[in-house]
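These are the residues of each chain, in order.
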Amino acid sequence: MSKSLCGALTAAFCSIAVATTGASAAQADPAQARAEQTLKEMTPAERRSLLLGFSPFILPVRERPAAMGAGYVPGVPRVGVPALSESDASLGVANFGGVLRVGDVATALPSGEALAAGWDPGMAERAGAMIGAEARSKGFNVLLAGGVNLAREPRNGRNFEYLGEDPLLAGTLAGHMIRGVQSNNILSTIKHYVLNDQETGRTELSAELGEQALRESDLLAFEIGIEIGRPASVMCAYNQVNSVYACENPFLLNDVLRKDWGFKGFVMSDWGAVHSTSIRQGLDQESGTNPKDPAWFGGKLEAALNAGLVSQADVDRSALRILRAMYAGGLVDHPVSGGQPIDYDAHGAVAREVAEKGIVLLKNDDDLLPMAATAKRILLVGGHADVGVLAGGGSSQVNPVGGPALAVTVGGKATFARKLYAKSPPLQALQARLPNAIVSFDDGADPQRAAAAARQADLVVVFAEQFSTEGLDLDLSLPDNQDALITAVAAANPRTAVVLETGGPVLMPWLSQVSAVLEAWYPGQRGGEAIARVLTGEVDAAGRLPITFPASLEQTPNPRLQGVEIVGNKTDKQIEALPDNQKHFPVRYPEGADVGYRWYDRTKARPLFAFGYGLSYTRFEYKDLRVTGGSDLQVSFQISNVGSRAGAEVAQVYARVNGGRRLVAWSRVELNPGATQRVTLSADPRMLAAYDVKGRSWRVAQGAYAIEVSTAADQPMLTGKVSLTMRRIKP
Ligand code: BGC
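This is a predicted model, so every value here is computed, not measured. (Residues numbered from 1 in each chain as written. Predicted model: local features only at pLDDT ≥ 70, side-chain atom pairs only at ≥ 80, totals over all residues. Heavy atoms only, no water.)

Asker: Hey, could you run me through the overall build of the chain in this one?
Answerer: Across its full length, the chain holds 18 helices and 31 strands. In summary, the chain has a C-alpha radius of gyration of 25 Å against a globular reference of 27 Å for 731 residues, a match within 12%. Burial status across the chain gives 64% buried among its 731 residues. Restricting to contacts in the chain with at least 6 residues of sequence separation, those with at least 24 account for 75%. Split by element, the accessible area of the chain, about 25,200 Å² in all, is 52% carbon and sulfur. Side-chain charges in the chain split into 71 positive and 76 negative, and the spacing between the mean points of these groups amounts to 4 Å. (Helix = DSSP H or I, 4+ residues; strand = E, 2+ residues; numbered from the N terminus. Rg over C-alpha atoms; globule rule 2.2 N^0.38 Å. Buried < 20%, exposed > 50% of the residue type's maximum accessible area, 1.4 Å probe, protein only. Contact = heavy atoms within 4.5 Å. Areas by Shrake-Rupley, 256 points an atom, 1.4 Å probe, with all protein chains shown as cover. Lys, Arg positive; Asp, Glu negative; His and termini not counted. Charge placed at Lys NZ, Arg CZ, Asp CG, Glu CD.)

Asker: Would you explain the sheet that holds strand 24 (residues 647-657) in this entry?
Answerer: Hydrogen bonds between backbone atoms are what pair the strands of a sheet, whose relative direction is either parallel or antiparallel. Ordered in space as 25-24-29-30, the four strands form an open sheet in which the pairing is antiparallel. Two strands in the sheet have a free side with no partner beyond their single neighbour: strand 25 (660-671) and strand 30 (716-724). Across this sheet, the average inter-strand angle for adjacent strands is 20 degrees, counted without regard to direction. As defined by bridge partners, strand 24 adjoins strand 29 (residues 703-710) across four bridges and the pair is classed as antiparallel. By the bridge assignment for strand 29, Gln652 is matched with Ser710. (Pairing = 2+ DSSP bridges. Axes fitted to C-alpha atoms, helices over the stretch in contact; angles between N-to-C directions.)

Asker: Sorry, what's going on with the site of the ligand here?
Answerer: Near the ligand, the surroundings consist of 13 residues, among which Asp88, Arg158, His192, Asp270 and Glu470 are the closest. One of the side-chain nitrogen or oxygen atoms of Asp88 is found 2.5 Å away from an oxygen atom of the ligand. Here an oxygen atom of the ligand sits 3.5 Å away from a polar atom, N or O, in the side chain of Arg202. Look at the ligand: alone it shows 310 Å² of surface, and the protein chains cover 96% of it. When atom positions are compared with the pocket grids, the ligand is found to occupy the largest pocket. A per-class count over the shell around the ligand returns five nonpolar, two polar and six charged. (Near = heavy atom within 4 Å. Polar contact = N/O pair within 3.5 Å; in protein donor to acceptor, adjacent residues only side chain to side chain. 1 Å grid on protein atoms, 1.4 Å probe; cavity = no way out; pocket = protein on both sides within 12 Å on 5 of 7 lines; lining within 4 Å. Sits in = over half its atoms within 2 Å of the grid points. Nonpolar A, V, L, I, M, F, W, Y, C, P; charged D, E, K, R; others polar.)

Asker: What's the story with the layout of surface pockets in this structure? I'm lost.
Answerer: Left-over empty space is what a probe sized like a water molecule reveals as it rolls over the atoms. Of the pockets and cavities examined, the largest pocket occupies roughly 680 Å³. With four residues, strand 11 (residues 286-289) is the single largest residue contributor to the lining of the largest pocket. Class assignment for the residues of the lining of the largest pocket results in 15 nonpolar, nine polar and 11 charged. (Points joined across faces, edges and corners; volume = space filled by probe spheres on them.)

Asker: Explain the pattern of salt bridges here, please?
Answerer: Once their charged atoms are close, side chains differing in charge can pair, the charge on each being opposite to the other. Summed over all chains, the structure comprises 55 salt bridges. Across the salt bridge formed by Asp601 and Arg661, the nearest N and O atoms sit 3.4 Å from each other. Of this pair, Asp601 sits in helix 18 (residues 597-603) while Arg661 sits in strand 25, and the two are 60 residues apart along the sequence. Among the residues examined, Asp601 registers a relative accessible area of 16% and is labelled buried. (Salt bridge = Lys/Arg side-chain N within 4 Å of Asp/Glu carboxyl O.)

Asker: Explain the packing of helix 6 (residues 167-182) against helix 8 (residues 218-229) to me, please; I cannot follow it from the model alone.
Answerer: In a packed pair of helices, the relevant descriptors are the angle between the two axes and the axis-to-axis distance. One can describe the packing of helix 6 onto helix 8 by two numbers: an axis separation of 7 Å at closest approach and a directional angle of 30 degrees. As far as their axial angle goes, helix 8 and helix 6 are roughly parallel. Remark: the crossing between helix 6 and helix 8 carries right-handed chirality. Contact with helix 6, carried on its side by Pro167, Leu168, Gly171, Thr172, Gly175, His176, Ile178, Arg179 and Gln182, involves Leu220, Ala221, Ile224, Gly225, Ile228 and Gly229 of helix 8 and no other residues of that element. Its residues assigned to classes, the contact of helix 6 with helix 8 comprises seven nonpolar, seven polar and one charged. (Parallel < 35°, antiparallel > 145°, perpendicular 65-115°, else oblique. Left-handed = near helix turned anticlockwise from the far one by under 90°.)

Honestly, that's just the spatial picture; any functional story needs more than this.
This is the structure we're talking about:
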């Protein structure tokens with residue numbers, strides 16, 4: 001008996017069906033058996049209480065949890081059910097505004113994009129394990145982590161929290177990160193399910209995308225992330241998907257997530273994303289409510305129960321899922337207790353590794369970088385490089401170890417749009433590494449002054465920044481006249497490198513005038529040190545873009561940000577929601593499943609920098625491609641480091657499917673000079689398939705496929721052909 005049929009059946013019959021399914025499942029699943037036993041011992045009100053989360057800082061002081069984070073679900077100590085203490089944690093244990101836990105700090109990882117630019121699943125897992133360990137030591141047992149929304153919209157103000165534009169790359173990395181978090185016997189979410197791909201009007205927009213395209217793109221990222229990471233919970237998104245709110249969408253929550261993917265965890269809502277007592281549609285828990293307001297999964301659910309619109313069996317089904325997740329995730333057997341010591345030095349090393357592996361060298365004319373030992377006068381300009389490195393804003397913001405070097409509130413909503421700099425100044429990090437050079441700093445406020453100083457220098461590094469935050473989308477231009485600053489400095493001294501600290505792609509009208517460009521994203525707790533190590537060549541520039549950098553907005557699928565005309569002009573762009581009386585508006589995706597590089601390939605547009613692109617300080621040669629087909633695709637080739645320095649390459653395998661290019665596998669390889677390695681990779685067959693909506697399965701078509709082994713999406717190094725047999729794969 002399928003649980004998703006429950007809505008169509010009488011409550012009594014359905015409750016028997018669920019109980020029967022539960023009994024057989026219990027034998028194979030001890031967590032399920034324990035959850036069922038505990039449920040039996042709970043009163044109806046106690047069961048219902050698991051379905052309702054609060055924003056802890058709105059609770060009366062005496063009811064607040066010890067660990068103050070974004071959410072809290074009281075436990076039921078009478079039967080040994082622990083409270084859920086939830087913290088945002090995509091980039092470290094968050095503490096936005098530093099107000100949730102005054103004075104408490106945590107290791108601030110670089111942005112999600114920086115992590116994705118490392119293309120390193122093992123590192124993602126270590127980063128997740130590090131965050132999970134800190135969270136545990138602070139008394140949290142649920143992490144609101146695993147942001148895997150695809151970067152369809154390059155202006156999305158939250159792209160910095162996510163993992164780029166490709167479902168295989170993003171899903172794989174999210175899965176490993178979640179696995180790392182949960183290795184601490186705590187729970188993680190994966191979020192925001194699904195298509196919360198822009199912030200403008202995020203609570204009002206309806207993301208419109210047909211099932212096939214959705215399955216092949218954003219859903220696939222979640223599918224892969226859930227397979228690898230087995231998160232305890234899925235957080236449903238604010239927006240509507242094809243005109244139905246994501247948190248009350250039976251297609252997404254019951255049919256796809258539970259029936260097709262066999263997800264056994266529970267679904268929690270995003271904060272304020274519930275609009276009904278939508279329990280039968282698949283939501284289990286409403287998050288972040290205010291006890292003063294009648295909540296959908298609080299008083300309103302009780303009223304719906306009394307009116308017979310919802311049954312006790314519905315409540316039990318959700319309570320059981322939550323209980324099972326607690327037992328399966330180790331929450332009961334390994335209870336958390338806060339106030340434990342944390343080894344911030346060791347964790348800082350993880351943050352530095354993520355930053356270093358994610359820094360992407362976009363341009364390096366005449367080998368300007370690494371900085372020559374002969375450079376005696378080095379000038380740094382702008383970006384507060386004398387105090388620290390920029391972080392993104394919003395619920396994911398971490399109060400970094402050492403406290404913020406600088407924090408400026410921008411825009412309307414103080415705690416969200418907080419431009420924060422972690423105390424890791426590139427200036428001091430470079431000075432420490434270059435004792436024989438004079439490394440000086442100009443704040444860049446006056447381009448003419450900066451240009452005059454640049455004329456006197458052997459080498460100039462301009463730090464250019466673009467702040468982005470949850471709640472607010474961007475445009476692609478650097479703000480505050482920084483383009484003019486770079487142009488003036490580069491005109492004065494062509495030996496100019498630009499280090500970008502941005503939330504995603506930006507336009508670079510000055511590109512031809514500068515010699516080198518490094519994308520450092522938001523580089524986190526030890527970012528200044530990581531930048532200095534890459535600039536000086538202590539480590540290779542090893543990152544590769546996880547997102548396409550467009551040459552212009554006109555190239556992108558939606559040159560105009562959708563909803564922006566409803567929201568108003570840029571300065572009043574809403575944080576989160578449109579006015580209450582605002583109608584829903586559609587957000588359409590002309591690219592369909594062809595997000596990012598696949599769109600550029602399809603439209604034959606040449607971006608500024610392609611997905612997968614990034615230079616190294618050494619050179620790699622590819623040779624001897626061998627491809628085998630049949631029902632599975634295997635690709636093998638050799639990579640040699642033919643330069644004079646140790647370095648890292650990300651070899652990417654693309655297949656042409658229905659004429660379009662798709663990443664099907666990759667490998668990050670570190671090689672000493674002169675070394676050669678054979679790389680053998682298997683393709684995920686779903687990346688070679690089309691999703692067959694009628695047949696409810698993936699279908700790899702019989703035929704010949706062109707294979708490319710590439711150093712970037714648009715730079716094949718080796719090409720081959722392979723025949724594949726027809727194959728169906730269940731979703
Ligand atoms: C965000 C979620 C976050 C939640 C709790 C929401 O605004 O969309 O990502 O987990 O707040 O802070």
